[in-house]
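Below are the chains, spelled out letter by letter.
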Amino acid sequence: MTKTVKLLLAAACTFLPIIANAQTENPRGIYKMMTLTGKQGEIKAPFDQYKICTDSLTLMLNVQGRVFSLANTDKTVLNYTGEEPDTNNATATRIYNSNADHFTLKWWSNTPTHLYFPHNDWCTEYYESGKYSNNAKMILDALTSPTVSNPKNAFLGTWRMIGMMDELHNTKQQLKKLRESNTYKTNIGYLIFTPNRIIVYSNNNRGGSIDHYCYWGKKKIMIGYTNEKGDINKAAEHKITWLSKDCFAMELHLDNFRTDYEIWERVTDTTPLFNKIASQCISENHK
């Protein structure tokens, strides 16, 4: 064995413990599911699914076209466990092969008739960071970015729904009642206007949608899909009435030919919406 080869082997042995340790980190950040091993063997991930791993909780984002859900599915913080079974709970979820770039999640499935998940057997999901679908990237960027505003686009930023009005009469008095109501305190919904997308999030459904929008001045917005040319198609037109510079009423035409108004108030602090959602989930975990 030459001296050069001996030196290379010694260097390799020196780095092996570092590489091994690098696979035992707690997953932290945003990871996309890349493969699923279950009833059909190992397959490409059948869902556009993400784990948002923090020190306080784990949230799971699922995106289906323009619709998404953000759920506290795991109800725990995902920390490294190793691949070996838990001596106290043989079917406890396992996290291994884990670092900032990827991790493997192995969980026990007792779903009887699922297309992908086995019944009374293990299901293995492999995740990687830095991978996103186009819609998922826009949704996550909007949810995790600080709130912004821009005088050139009055709608740009984050808005919270504070209630409904039947008619726009005595609006100051109506706004006062809305802010004193339980609906106002529960933060039932948010809108995030980016330069060319609108993200709708509902606390009641723990999810929402992403759509294109355009606006004509400050009094009308069009929300909808786009055709192949990029033009908005199948769009809903909404008349906007500004009640103040940070509050507007969006006109809705209901099926019974009745017109109601959603009242939206600008979120003026810079805290990302994701932080607010996470805080609410943490509070629910401790109830």
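For clarity, every value in this text was computed on a predicted model and none was experimentally measured. (Residues numbered from 1 in each chain as written. Predicted model: local features only at pLDDT ≥ 70, side-chain atom pairs only at ≥ 80, totals over all residues. Heavy atoms only, no water.)

What follows deals with the pattern of salt bridges. In this structure the tally under the stated criterion is 13 salt bridges. For the salt bridge of R66 with D211, the shortest nitrogen-to-oxygen distance reads 2.8 Å. Of this pair, R66 sits in the loop between β4 (58-64) and β5 (67-71) while D211 sits in strand β12 (residues 207-216), and the two are 145 residues apart along the sequence. It is possible to trace a salt-bridge network through shared partners that takes in D166, R258 and D260. (Salt bridge = Lys/Arg side-chain N within 4 Å of Asp/Glu carboxyl O. Helix = DSSP H or I, 4+ residues; strand = E, 2+ residues; numbered from the N terminus.)

Here we come to the pairing of strand β7 (residues 102-110). Of all nine residues in β7, seven are buried; the element is thus mostly enclosed. As paired strands, strand β6 (residues 94-96) and β7 are joined by three bridges and run antiparallel to one another. Each bridged residue has a counterpart across the sheet, and for Y96 the counterpart in β7 is T104. Between β6 and β7, which follow one another and run antiparallel, lie five residues, and N97 among them has a positive phi close to 50 degrees. Bridge count for β7 against strand β8 (residues 119-129) is nine bridges, and the pairing is antiparallel. Following the sheet pairing, W108 is matched in β8 by W122. (Buried < 20%, exposed > 50% of the residue type's maximum accessible area, 1.4 Å probe, protein only. Pairing = 2+ DSSP bridges.)

Any residue range with low pLDDT should be treated as having predicted coordinates unsuitable for detailed reading. Across the protein, the average pLDDT comes to 86, with 86% of residues at or above 70. This stretch, residues 1-21, has a pLDDT under 50; its non-local contacts, to residues over four places away or in other chains, come to two contacts. (pLDDT = per-residue confidence, 0-100. Contact = heavy atoms within 4.5 Å.)

Here we come to the nonpolar core. Core analysis: the biggest nonpolar cluster contains 24 residues, and L70, L143 and I277 have the highest contact counts within it. Mapped by element, the contributors of at least two residues to this core are β3 (48-53), β4, β5, α2 (134-144), β10 (189-193), β11 (197-202) and α5 (273-285). Aside from chain neighbours lying at most four places away, what touches L143 is L70, I192, P272, L273, F274 and I277. (Core = buried A, V, L, I, M, F, W, Y, C linked by side-chain atoms within 4.5 Å.)

Here we take up the packing of aromatic side chains. The tally for this structure, following the rule as stated, stands at 16 aromatic pairs. An angle of 65 degrees between the planes, with centres 6.2 Å apart, marks the rings of F47 and F117 as edge-to-face. Taken together, the positions of F47 in the loop between β2 (41-44) and β3 and F117 in the loop between β7 and β8 put the pair 70 residues apart, joining distant regions of the chain. By relative accessible area, which is 26% here, F47 ends up partly exposed. Following the ring pairs from residue to residue traces out a cluster consisting of F155, W159, F193, Y213, Y215, W242 and F248. (Phe/Tyr/Trp six-rings, centres within 6.5 Å; stacked < 30°, edge-to-face > 60°.)

Below, the discussion takes up the pairing of β3. In terms of residue burial, β3 counts as a mostly covered element, since six of its six residues are buried. The pairing of strand β1 (residues 29-38) with β3 spans four bridges and is classified as antiparallel. Residue pairing for β3: Y31 is matched across the bridge by K51. Bridge analysis of β3 against β4 gives six bridges, and the strand direction is antiparallel.

Take unusual backbone geometry next. Phi is positive for N97, close to 50 degrees, though the residue is something other than glycine. Along the polypeptide, N97 turns up in the loop between β6 and β7. Not every positive phi belongs to a glycine, and R206 is a case in point at roughly 50 degrees. Along the chain, R206 falls in the loop between β11 and β12. Owing to a relative accessible area of 16%, R206 belongs among the buried residues under this scheme.

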